[in-house]
Amino acid sequence: MTAAMRPQISACPACAAAPAAEALADHGAVREADLALSLPTIHCAACISTVEKVLNGTPGVHKARVNLTLKRAQIVAEPEITAPDLIARLESAGYEAHELDATALHATQTDRAGRDLLMRMAVAGFAMMNVMLLSVAVWSGAEGATRDMFHWISAAIALPVIVFSAKPFFVNAWGALRVGRLNMDVPISLAIALAVVTSLWETSLSGEHAYFDAAVALTFFLLTGRYLDHRTRAIARSAAEELAALEVPRARRIWPDGSETEVPVAELRLGDLIRVRPGGRMPVDGEITAGTSELDRSLLTGETLPIYAEPGQAVSAGEVNLTGPLTIRATAVGRDTSLHRMADLVAVAESGRSRYTSLADKAAKLYAPGVHILSALAFVGWYLATFDPRTALNIAAAVLIITCPCALGLAVPAVTTAASGRLFRRGLLIKDATALERLAEVDTVVFDKTGTLTAGTPEPTNLESLPASDQSVALALAEGSGHPLSVALTAAARAAGIVPAQIENLSEVPGFGTQAVWNGQTVRLGRAGWTGGEDLDRTAAWLRIGDAPAQPVTFTDRLRPGAAEAVAALKVKGMRVMVMSGDTEGAVARLAHRLGIDTWQANCLPQEKSGRIAALTKAGAKVLMVGDGLNDTAALAAAHVSISPASALDAARAASDIVLLGTDLSPLSEAIHTARTATKRIRQNFSIATWYNIIAVPLAVAGLATPLIAALAMSTSSIIVSLNALRLRSRP
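These numbers were taken from a predicted model, which means no experiment stands behind them.

Peer 1: So what exactly am I meant to see when it comes to the overall build of the protein here?
Peer 2: In terms of regular secondary structure, the protein is built from 25 helices and 26 strands. Across the 732 residues that make up the protein, the buried fraction comes to 52%. As presented, the protein carries roughly 31,400 Å² of accessible surface, and 59% of it is formed by carbon and sulfur atoms.

Peer 1: Is there a simple way to explain unusual backbone geometry in this structure?
Peer 2: Excluding glycine, residues mostly have negative phi values, and the peptide bonds linking residues are mostly trans. With phi around 55 degrees, N505 is a residue other than glycine that occupies positive phi space. Relative to the assigned elements, N505 resides in strand β17 (residues 504–509). One non-glycine residue with positive phi stands out, namely N519, at about 55 degrees. Tracing the backbone shows N519 in the loop between β18 (513–518) and β19 (521–526). Residue class for N519 comes out exposed when judged on its relative accessible area of 61%.

Peer 1: Would you take a moment to explain the packing of helix α4 (residues 144–165) against helix α6 (residues 185–204) for this structure?
Peer 2: Any two packed helices are characterised by the angle at which their axes cross and by the distance between the axes. Close contact between α4 and α6 brings their axes to 11 Å; oriented N to C, the two are set at 155 degrees. Relative to α6, the element α4 lies roughly antiparallel. By crossing handedness, the relation of α4 to α6 is classed as left-handed. Seen from α4, the contacting residues are H151, W152, A155, L159 and I162; seen from α6, they are I192, V196, L200, T203 and S204.

Peer 1: Is there a simple way to explain the environment of D598 in this structure?
Peer 2: One can find D598 in the loop between α20 (585–595) and β23 (599–601). Residue D598 is classed as exposed on the basis of its relative accessible area of 70%. The spacing of D598 and V579 is 19 residues in sequence and 8.8 Å in space, taken between C-alpha atoms.

Peer 1: I would appreciate a short explanation of the packing of aromatic side chains in the present structure.
Peer 2: Two aromatic rings, taken as a pair, are described by how far apart their centres are and by the angle between their planes. Applying the stated criterion across every chain yields a total of four aromatic pairs. Residues Y383 and F387 carry aromatic rings whose centres are separated by 5.9 Å and whose planes lie at 70 degrees to one another, so their mutual orientation is edge-to-face. Classification of F387 by relative accessible area gives exposed; the value is 59%. In textbook terms, an aromatic cluster arises when at least three aromatic residues are bridged by ring pairs, as seen for Y308, F512 and W530. In this structure, R120 is placed above the aromatic ring of F164, and the distance from its NZ or CZ to the ring centre is 4.7 Å. Looking at R253, its charged tip hangs above the ring of W255, at a distance of 3.7 Å from the centre.

Peer 1: I would appreciate a short explanation of the nonpolar core in the present structure.
Peer 2: Side chains of nonpolar character tend, in soluble globular proteins, to be buried together. Residues L439, V445, F447, L453, I597 and L624 are the most contacted members of the largest nonpolar core, which totals 40 residues. Per-element tally for this core: the top contributor is helix α24 (residues 667–701), with seven residues. Residues contacting L624, with those up to four places away along its chain left out, are L439, V442, T444, V445, V446, V641, S642, I643 and I672.

Peer 1: Can you help me understand the pattern of salt bridges in this one?
Peer 2: As a working rule, side chains carrying opposite charge can pair if their charged atoms are close by. For the structure shown, the criterion picks out 12 salt bridges. Put simply, R65 and E52 hold a salt bridge, and the shortest N to O gap is 3.8 Å. With R65 in strand β2 (residues 61–67) and E52 in helix α1 (residues 45–56), this residue pair connects regions lying 13 residues apart in the sequence. A relative accessible area of 57% places R65 in the exposed class. Since its relative accessible area comes to 19%, E52 is described here as buried. Between R250 and E262 there is a salt bridge, with the nearest N and O atoms lying 3.1 Å from each other. With R250 in strand β5 (residues 250–254) and E262 in strand β6 (residues 260–264), this pair connects stretches of sequence that are 12 residues apart. When its relative accessible area of 22% is taken as the criterion, R250 is described as partly exposed. Each of R252, E260 and R275 takes part in one network of salt bridges that share partners.

Peer 1: Before we go on, may I ask you to explain the pairing of strand β7 (residues 273–276) in this structure?
Peer 2: Regular strands have side chains that alternate between both faces of the sheet. Bridging between β5 and β7 involves three bridges; their strand directions are antiparallel. Bridging across to β7, R252 finds its partner in R275. The pairing of β7 with strand β13 (residues 326–332) spans four bridges and is antiparallel. Bridging across to β13, L273 finds its partner in R329.

Peer 1: What's the story with α4 in this structure? I'm lost.
Peer 2: Along an α-helix, a turn takes 3.6 residues, which lines up residues three or four apart on a common side. For α4, spanning 22 residues, the distance from its first C-alpha to its last is 31 Å, which sits close to the expected 32 Å at 1.5 Å a residue. Within the sequence span of α4, burial applies to R147, D148, F150, H151, S154, A155, A158, V161, I162 and S165.

Peer 1: In this structure, what is going on with the sheet that holds β23? I would like to understand it.
Peer 2: Neighbouring strands of a sheet are bound in pairs by backbone hydrogen bonds; such pairs are parallel or else antiparallel. In spatial order, the strands read β14-β26-β25-β24-β15-β22-β23; together these seven strands make up an open sheet with mixed pairing. Looking at the sheet topology across the chains shown, the edges are occupied by β14 (428–430) and β23. Geometrically, the sheet is characterised by an average inter-axis angle of 20 degrees between neighbouring strands, direction not taken into account. Relative to strand β22 (residues 576–580), strand β15 (residues 444–447) runs parallel, the two sharing four bridges. Along β22, the bridge assignment pairs T444 with R576.

Peer 1: Before we go on, may I ask you to explain the pairing of β22 in this structure?
Peer 2: Across the five residues of β22, four count as buried, placing the element largely inside the fold. Alignment of β22 against β23, held across three bridges, turns out to be parallel. Across the sheet, M578 pairs through a bridge with T599, a residue of β23. The parallel pair β22 and β23, bridged by α20, forms a crossover whose chirality is right-handed.

Peer 1: Help me understand a nonpolar patch on the surface in this model?
Peer 2: The grouping of W691, I694, I695, L699 and L704 at the surface amounts to a nonpolar patch, some 570 Å² of accessible area in total. As for its placement among the helices and strands, I694 is situated in helix α24.

Peer 1: What's the story with helix α17 (residues 484–495) in this structure? I'm lost.
Peer 2: For α17, spanning 12 residues, the distance from its first C-alpha to its last is 17 Å, which sits close to the expected 16 Å at 1.5 Å a residue. Of the positions making up α17, those classed as buried are L485, S486, A488, L489, T490 and A493.

Peer 1: What am I meant to see in the sheet that holds strand β12 (residues 320–321) here?
Peer 2: Spatially, the three strands line up as an open sheet ordered β10-β9-β12, and their pairing is antiparallel. Each edge of the open sheet carries a strand with a single partner, namely β10 (307–309) and β12. Looking at chain direction, strand β9 (residues 293–296) and β10 are connected through three bridges and run antiparallel. In the sheet register, L295 faces β10, and the bridge partner there is I307.

Peer 1: Whenever I open this one, the packing of helix α16 (residues 468–478) against α17 confuses me. Can you help?
Peer 2: Running from N to C, α16 and α17 cross one another at 135 degrees; their axes reach a closest spacing of 9 Å. Comparing the axis directions of α16 and α17 gives the class oblique. Here α16 runs over α17; the crossing is left-handed. Across from A474, L475 and A478 in α16, the residues of α17 making contact are S486, L489, T490, A493 and R494. A class-by-class count of the residues in the contact of α16 with α17 yields five nonpolar, two polar and one charged.

Peer 1: Help me understand the side chain of Q471, please; the structure alone is not making it clear to me.
Peer 2: As for its placement among the helices and strands, Q471 is situated in helix α16. You can call Q471 buried: its relative accessible area is 13%. Side-chain polar atoms of Q471 contact the backbone oxygen of L466, separated by 2.8 Å. Other than its neighbours up to four places away in sequence, Q471 contacts L463, E464, L466 and I498.

The rules behind these values
Residues numbered from 1 in each chain as written. Predicted model: local features only at pLDDT ≥ 70, side-chain atom pairs only at ≥ 80, totals over all residues. Heavy atoms only, no water. Helix = DSSP H or I, 4+ residues; strand = E, 2+ residues; numbered from the N terminus. Buried < 20%, exposed > 50% of the residue type's maximum accessible area, 1.4 Å probe, protein only. Areas by Shrake-Rupley, 256 points an atom, 1.4 Å probe, with all protein chains shown as cover. Axes fitted to C-alpha atoms, helices over the stretch in contact; angles between N-to-C directions. Parallel < 35°, antiparallel > 145°, perpendicular 65-115°, else oblique. Left-handed = near helix turned anticlockwise from the far one by under 90°. Contact = heavy atoms within 4.5 Å. Phe/Tyr/Trp six-rings, centres within 6.5 Å; stacked < 30°, edge-to-face > 60°. Lys NZ or Arg CZ within 6 Å of the ring centre and 35° of its normal. Core = buried A, V, L, I, M, F, W, Y, C linked by side-chain atoms within 4.5 Å. Salt bridge = Lys/Arg side-chain N within 4 Å of Asp/Glu carboxyl O. Pairing = 2+ DSSP bridges. Expected span 1.5 Å × (residues − 1). Right-handed = clockwise from strand over helix to strand, strands pointing away. Patch = residues over 30% accessible without salt bridge, like charges linked within 9 Å, V, L, I, M, F, W, Y side chains within 5 Å. Nonpolar A, V, L, I, M, F, W, Y, C, P; charged D, E, K, R; others polar. Polar contact = N/O pair within 3.5 Å; in protein donor to acceptor, adjacent residues only side chain to side chain.

Structure (structure tokens):
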């Protein structure tokens, strides 16, 4: 039931079984299915052998491998093989099994990377404390054989720890050098390696100084920054993958003789007739040839209210058939469907946004080559001045250590983590490492309507104006339907204490509404054309009792908490605020006027939303997109930065940079303020690191700072940067 009520159009039953000679064409190759099962009860090699034997012995399974450590099975099989089939076979063999989805596997991999960093950091921290204790003994005056012993013990601790803990830096540095470029890990790796080489050289010559403590301390502080940065990363797969996951794997194909069989969607071709049962999702784009129903088109429009479906109407892949069986003729299959085109839009938008250069990356571009040149010049200069390679190498190592980008490495993640914690306490989850930097640049905010500015649930506005007996009849009829308007009417009537009338022969007519008999009269609740009502410019369901004129029950969509406050606060900040919605012009105009928003656009399809965002970006705007539906996914990915509520669909949350955990929109303005403050703190940290280098580097080049003093100075600058970042936790 929506504002537009249409009369029923009868469909010819023969259409459902109409011959389609072209539908018998060769269907080509069928894609394989990749399945993952959790096996919590396996514990030995015999279990592995048995499980693999059961799985590989299943008809249609091409390959199955079991991982005992992860207690997981990976299966490649024919498309018709499903996880429940395999689970049943394993249970009959005495093994418990559960299906794993790709999102859970991705989250597990991300968690493993975090645990790996944390473990490397813990090892480096433990080793640093032990090597520092040994260094205290040397600083206290140990000499000769005792000093050498402490140095060799420090080497025995530091070398394996550095090989293990500093591995991420060495691997990344080598990867950059192999392709002829520099990154922040190159000077980091050189500083650590040079500190170790210098220390080994000094120790082998019974020198007074060794810098194993400096090398381990460098590794620990840098891993701390890397782990803080990792915590801000999103634990979510690509939005394009989320959209692809919505594809229906199988469909019921109608053959020329009228029989139906379930086939993989990959086998469907243009012109095929497909039966879609109530509750089913459209497998392809097509045209309805038989049946009437209602469709949930939130995939394309974002609007939660269903629309009437009848023969001749076009449908898109991903739409949900709600009430009656439909027969559709395929007009687009495979990568030509609207669902795949939307996924392509999102993939293009995501790749464009990934080219954003963070402040840290911009700093690294200039910093890395400068450090290398400075250290090399120090080595050459001192070697030419003294012809002592030992002295020259010590000074070059001190320059590299004192200029090691530990403070720069902490500058961004320390601030990001502090700001993310502050926003999390206010109901905002930062998913992307550069989201705060991009949010600070925003000057235009674009809102979706339904589910974002509004709650997405209709509310009756005039129920109390109906006679008490009519209210009871309306409630009784509404309880017989799962339509969103019926559900909303039922909730409002129950809350008002209305008791449903005693009715008989209650039935739901797919696509039209519900009807019954009350006191000998036929009563109906549904579309205008079916009940004798008139089309209105707002959402309404019509109640007709007997031969009396139909009465409208009108609905409105209530505002999301904090929506008005958020819009007002953004306008005070000088932001340009807009609304783009797939809803009708009247509904969008009323909402925009209600919130004081001057610029709005209605009837937007997904490509129109992303196109409008792209046009604004081309004009120089930095756009924040706030949306929740699949129709918003491409726009969310195309925007400079994006926010979606926690109630949003998976693909929308995956495409967004920030998730609004609560229902209140009012924290949006504070999020922008916090982001701008965080960016200011990052720039302050860069300034601190720069001034530190301006003061410390000349001392190192002049030979006035040993590698040990350089390490202490570097650690001090890192602590100052971290303390500056923590100021964000207490105030914005």
